[in-house]
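Architecture and fold: a report
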Amino acid sequence: MDDDADLFRAIGDATRRMILDELTDRDGQTLFEICGRLAMKHGVASTRQAISQHLVVLEEAGLVHTRRQGRYKLHHLDTSPLRSVVDRWPVEREGPNP
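Residue positions within a chain follow its written sequence, with the count starting from 1. Since the coordinates come from a predicted model, pLDDT governs what is reported: local features require at least 70, and pairs of side-chain atoms require 80 or more to be given and counted, while whole-chain, interface and lining totals use all residues. The side-chain values count all of the structure's non-hydrogen atoms but skip hydrogen atoms and water molecules.

Thoughts on helix H3 (residues 31-42)
Under the scheme used here, helices are H or I runs from DSSP no shorter than 4 residues and strands are E runs no shorter than 2 residues, and both carry numbers assigned from the N terminus. What a helix should span is 1.5 Å times the count of its residues minus one. Taking 1.5 Å per residue, 12 residues should reach 16 Å; H3 reaches 16 Å between its end C-alpha atoms and fits that length. Looking at the buried positions of H3, the neighbouring elements they touch are helix H2 (14-25), helix H4 (48-60) and strand S2 (72-77). Two residues or fewer past H3, Gly43 is found with a positive phi of approximately 70 degrees. Pairs of residues are marked as contacts when any of their non-hydrogen atoms sit within 4.5 Å.

A short note on the packing of H3 against H4
Axes here mean lines fitted to C-alpha atoms, for a helix over just the part in contact, with angles spanning 0 to 180 degrees between N-to-C directions. Contact geometry for H3 and H4: axes closest at 10 Å, N-to-C directions at 105 degrees. When the axes of H3 and H4 are compared, the pair comes out roughly perpendicular. Residue-level inspection shows Leu31, Phe32, Ile34, Cys35 and Leu38 of H3 in contact with H4, the latter providing Arg48, Ile51, Ser52 and Leu55. The nonpolar class holds Ala, Val, Leu, Ile, Met, Phe, Trp, Tyr, Cys and Pro. Asp, Glu, Lys and Arg form the charged class, and all remaining residues, Gly among them, are polar. Looking at side-chain class alone, the contact of H3 with H4 contains 7 nonpolar, 1 polar and 1 charged residues. Each angle receives one of four descriptions, namely roughly parallel if under 35 degrees, roughly antiparallel if over 145, roughly perpendicular if within 65 to 115, and oblique otherwise.

Some points on the pattern of salt bridges
Note that side chains of opposite charge can pair when their charged atoms are close. Salt bridges, as used here, are contacts in which a Lys or Arg side-chain nitrogen is within 4 Å of a carboxyl oxygen on Asp or Glu. Applying the stated rule across the entire model yields 6 salt bridges. A salt bridge links Glu22 to Lys41; its shortest N-O distance comes to 3.3 Å. Taken as a pair, Glu22 in helix H2 and Lys41 in helix H3 lie far apart in primary sequence, 19 residues in all. One salt-bridge network, held together by shared partners, links Glu22, Asp25, Arg37 and Lys41.

Topic: the packing of H2 against H3
Direction vectors running N to C along H2 and H3 enclose 105 degrees, while the axes themselves pass 10 Å from each other. Taken together, H2 and H3 sit at an angle that is classed as roughly perpendicular. Contacts between H2 and H3 involve Met18, Ile19, Glu22, Leu23 and Asp25 from the former and Ile34, Arg37, Leu38, Lys41 and His42 from the latter. Grouping the amino acids of the contact of H2 with H3 by side-chain chemistry returns 5 nonpolar, 1 polar and 4 charged.

Re the side chain of His54
In this structure, His54 sits in helix H4. Note on His54: relative accessible area 15%, which makes it buried. At a separation of 3.0 Å, a polar atom in the side chain of His54 contacts the side chain of Arg16. Note on exposure labels: buried denotes an accessible area under 20% of the residue type's maximum, exposed denotes more than 50%, and partly exposed covers the range between, all computed with a 1.4 Å probe on protein chains only. N or O atoms closer than or at 3.5 Å make up a polar contact, with two conditions inside protein: a donor-capable atom paired with an acceptor-capable one, and, for residues adjacent in sequence, both atoms drawn from side chains.

Remarks on the nonpolar core
Definition of nonpolar core: a set of buried residues of the types Ala, Val, Leu, Ile, Met, Phe, Trp, Tyr and Cys, connected through side-chain atoms within 4.5 Å. Ile19, Ile34, Leu38, Ile51, Leu55, Leu58 and Leu63 are the most contacted members of the largest nonpolar core, which totals 17 residues. Residue assignment for this core shows that the elements contributing at least two residues are helix H1 (3-11), H2, H3 and H4. Those residues within four positions of Leu55 in sequence are excluded, and the remaining contacts are Ile19, Leu31, Ile34, Val64 and His75.

Topic: the pairing of S2
For two strands to pair, DSSP has to find at least two bridges joining them. Here 6 bridges tie strand S1 (residues 64-69) to S2, and the two strands are oriented antiparallel to one another. Looking at S2, one finds that Arg68 is bridged to Lys73. The turn joining S1 and S2, which pair antiparallel and follow one another in sequence, is formed by 2 residues; a positive phi near 65 degrees is taken by Gly70.

Here's what the structure looks like:
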């Protein structure tokens, strides 16, 4: 699958968008922290395994990177892959506007 397809698949799911929102609010969270924030703020009652699978999809799209710190695995947001969407369909163009 190409990078754009992975990206659109990743952001096409509401739970994954909520995970990205939570990492925007506070970057570098553990799986446990993400699950807690999703449950408390959004009422998402998914299992840790389900959230972990969502994180894998986000990692495959390059939107999330992980880093080990001792026994913890921290998840970090990376919005740079979204640049391909902006570059593909630029908002500002020369010429008449409809």
